[in-house]
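Coordinate analysis (summary)
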Amino acid sequence: MRAFQRCVNPNCQATFDVAEVLRRCPRCGALLDVDYEWDKLPVPKSLAHFERYWAERSNPLNFSGVWRFRELLPFAPEELCVTVGEGQTILRQSEEVGKYVGMTTGELHLQYEGLNPSGSFKDNGMAAGTTHGRMVGATSAACASTGNTSASLALYCSATRLMKSIVFVGSGKIAYGKLSQALDYGARTVQIQGDFDDAMARVQEVAQRSGVYLLNSLNPFRLEGQKTIMFRVLEALRWEIPDWIVVPGGNLGNSSAFGKAFIELTKLGLIKRAPRLAVINAAGADSLYRLYNDEGLRWNGGNVDQTKIDAFYAQMDRENRRAHTIASAIEINRPVNLTKCLRALDFCDGVVRKVSEQEIVDAKAQIGANGFGCEPASAASVAGAKRLVDEGVIGKDERVVCILTGHQLKDPNATVAYHGVDRELYEKYLGSRGVEQTPFANRPVGVENDIEKILALMK
Ligand SMILES: *Cc1c(COP(=O)(O)O)cnc(C)c1O
Ligand SMILES: [Zn+2]
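Here's what I pulled together on the structure shown here. Source: prediction; values computed, not measured.

What the three strands build is an open sheet, ordered β2-β1-β3; its pairing is antiparallel. Strands with a single pairing partner mark the edges of an open sheet, and in this sheet they are β2 (15-17) and β3 (32-36). Neighbour-to-neighbour, the strand axes of the sheet open up by a mean angle of 35°, direction not taken into account. As paired elements, strand β1 (residues 3-7) and β3 share five bridges and run antiparallel to each other. For Phe4, the partnering residue across the bridge sits in β3 and is Asp35. Here helix α7 (residues 220-236) sits on the sheet and contacts β1 and β3; the angle it forms with β3, its principal contact strand, is near 60°.

This is the structure in structure tokens:
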């Protein structure tokens, strides 16, 4: 058994076969990891090993930005690996966005995961997750989603015809770009009266009672696919380690996967040091921020203080505090992967910050103006980097990689509202959320249908 599932709780450490369908550890309820007996596996001697696959792009597994690193997520036989061409993403240095953030040396890099087939980083995880679904013979798969997971699941299921997809979304809580994808790809789409956390609770019960395969981010196989975002960042930097990875935090699957990637690369001797990790919450959805910074919650060798977490959520419920942010992809009260994220923060000497709606939409406009449009949640990474440079936590000359998690077209309302197309839209998306200014707005100009007047605008 070279790949297996292992409980992350160090006092339990129960292991399970890779072919078992589990959602949490059946013994203690903690999250599960996919783990490997690395000493029995053909582990590459250096990361440059993976460059040989560049020449073999006609093999779909080598074309895939996920599976060309398959020796680092070896849980499935090659013939079962699912790919629709995910991970053809790029890392671009952006001096302009770097200046906005306050950097002096132009070493700000944007990892653009919006280029994935469904337009978000979720495809990295879905390639791996549907592969596991296939290994266990699943005929239908479900997720709860703020939108991008459902879009990704729907795409993978319709493109591969391996299973039916069922997606649960909170009613009125999903950007239309994302909802349209789920519908277009033919997913059975269930709108629950409630928010993401309600949808998440229900879909787990559905999986429990109906046997449908669950592809939420608590699925540890998904996180294996998301590790490859970090492998591609290192690849783009010619295997040099950046100083910082900055990522928005919602359910904390990405940050957890990044941490696992660096833990494993270190253990395998493939890197000498890990970058530092900054996880950025929206101020309107700041459970991790509060737990980490105000409550002092830590990984603590795996002995995470569950009473602190329970008390925090109980108080949240008593005060009826609900996540509320324009960054809908991170509008989450109870992040599913909290404990794994704490492990990542611990290993990568991490920090957690929160950013306001104003900071998010301004950063988004700067990212767009410099060629990489993204959705609001993604811009939290750049807004967070700016905050950390202002605080002096990130040095102005350090090498920083911000993850742009999703494509601009996922949520066009947020963009046109910012650029001042329509007063009502502005009020609905920005004004009502406390965004008072739009310093980087690119307003459309109205003009009479008159060639002279139009020409006058060309100056
Ligand atoms: C899912 C998602 C996030 C949040 O990622 P987590 O892994 O849940 O923390 C951020 N941005 C976008 C665009 C997403 O789709
Ligand atoms: Zn356990």
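Time to look at the site of ligand 1. In the vicinity of ligand 1 there are 16 residues, among which Lys122, Asn148, Gly250, Asn254 and Thr405 approach most closely. Gly250 places a main-chain nitrogen or oxygen 2.8 Å from an oxygen atom of ligand 1. Here ligand 1 has 380 Å² of accessible area as a free molecule, and 97% of this is covered by the chains.

Taken together, the side chains of Val445, Val447, Ile451, Leu455, Leu457 and Met458 make up a nonpolar region of the molecular surface, amounting to roughly 590 Å² of accessible area. Tracing the backbone through its elements, the reader meets Ile451 in helix α16 (residues 451-456).

Okay, the coordination of the zinc ion (ligand 2) next. Around the zinc ion (ligand 2), the protein contributes the donor atoms Cys7 (SG), Cys12 (SG), Cys25 (SG) and Cys28 (SG), which lie 2.3 Å from the metal centre. Coordination geometry of the zinc ion (ligand 2): the four donor atoms subtend angles of 95 to 117° at the metal centre, consistent with an arrangement described as tetrahedral. Written as a sequence motif, the donor arrangement for the zinc ion (ligand 2) is C-x4-C-x12-C-x2-C. Within this pair, whereas Cys12 is found in the loop between β1 and β2, its partner Cys25 is found in the loop between β2 and β3, the two being separated by 13 residues in sequence.

Parameters and conventions
- Every chain begins its residue count from 1, and numbering advances along the sequence as written.
- As a convention, the first chain written is A and the first ligand written is 1, with the rest following in written order.
- Owing to the predicted nature of the model, reporting of local features is limited to residues with pLDDT of at least 70; listing and counting of side-chain atom pairs is limited to 80 or more, with chain, interface and lining totals taken over all residues.
- As a convention, hydrogens and water are excluded, and side-chain values are obtained from all of the structure's heavy atoms.
- Here, any two strands with at least 2 DSSP bridges between them count as paired.
- Under the DSSP-based scheme used, a helix requires at least four consecutive residues in state H or I and a strand at least two consecutive residues in state E, with every element numbered from the N terminus.
- With axes taken as lines fitted to C-alpha atoms, and helix axes fitted only over the stretch in contact, angles between N-to-C directions fall between 0 and 180 degrees.
- Whether two residues are in contact is decided by their heavy atoms, any of which lying within 4.5 Å being enough.
- It suffices for a single heavy atom of a residue to lie within 4 Å of a molecule or strand for the residue to be listed as near it.
- Counting of polar contacts relies on pairs of N or O atoms within 3.5 Å, with two restrictions inside protein: one atom must be capable of donating a hydrogen and the other of accepting it, and residues adjacent in sequence are counted only when both atoms are side-chain atoms.
- Residue-level accessible areas treat just the shown protein chains as cover; the underlying method is Shrake-Rupley with a 1.4 Å probe.
- Residues form patches when they are more than 30% accessible in relative terms and have no salt bridge. Like charges link within 9 Å. Nonpolar side chains (Val, Leu, Ile, Met, Phe, Trp, Tyr) link within 5 Å.
- Think of a salt bridge as a Lys or Arg side-chain nitrogen and an Asp or Glu carboxyl oxygen that are within 4 Å of each other.
- Excluding water, the donors of a metal are its N, O and S neighbours within 2.8 Å, or within 3.2 Å for Na, K and Ca, and that exclusion means sites may look incomplete.
- A site with four donors is called tetrahedral when every donor-metal-donor angle falls between 85 and 135 degrees; four donors are called square planar, and six octahedral, when opposite donors sit more than 155 degrees apart and all other angles fall between 65 and 115; any other arrangement is irregular.

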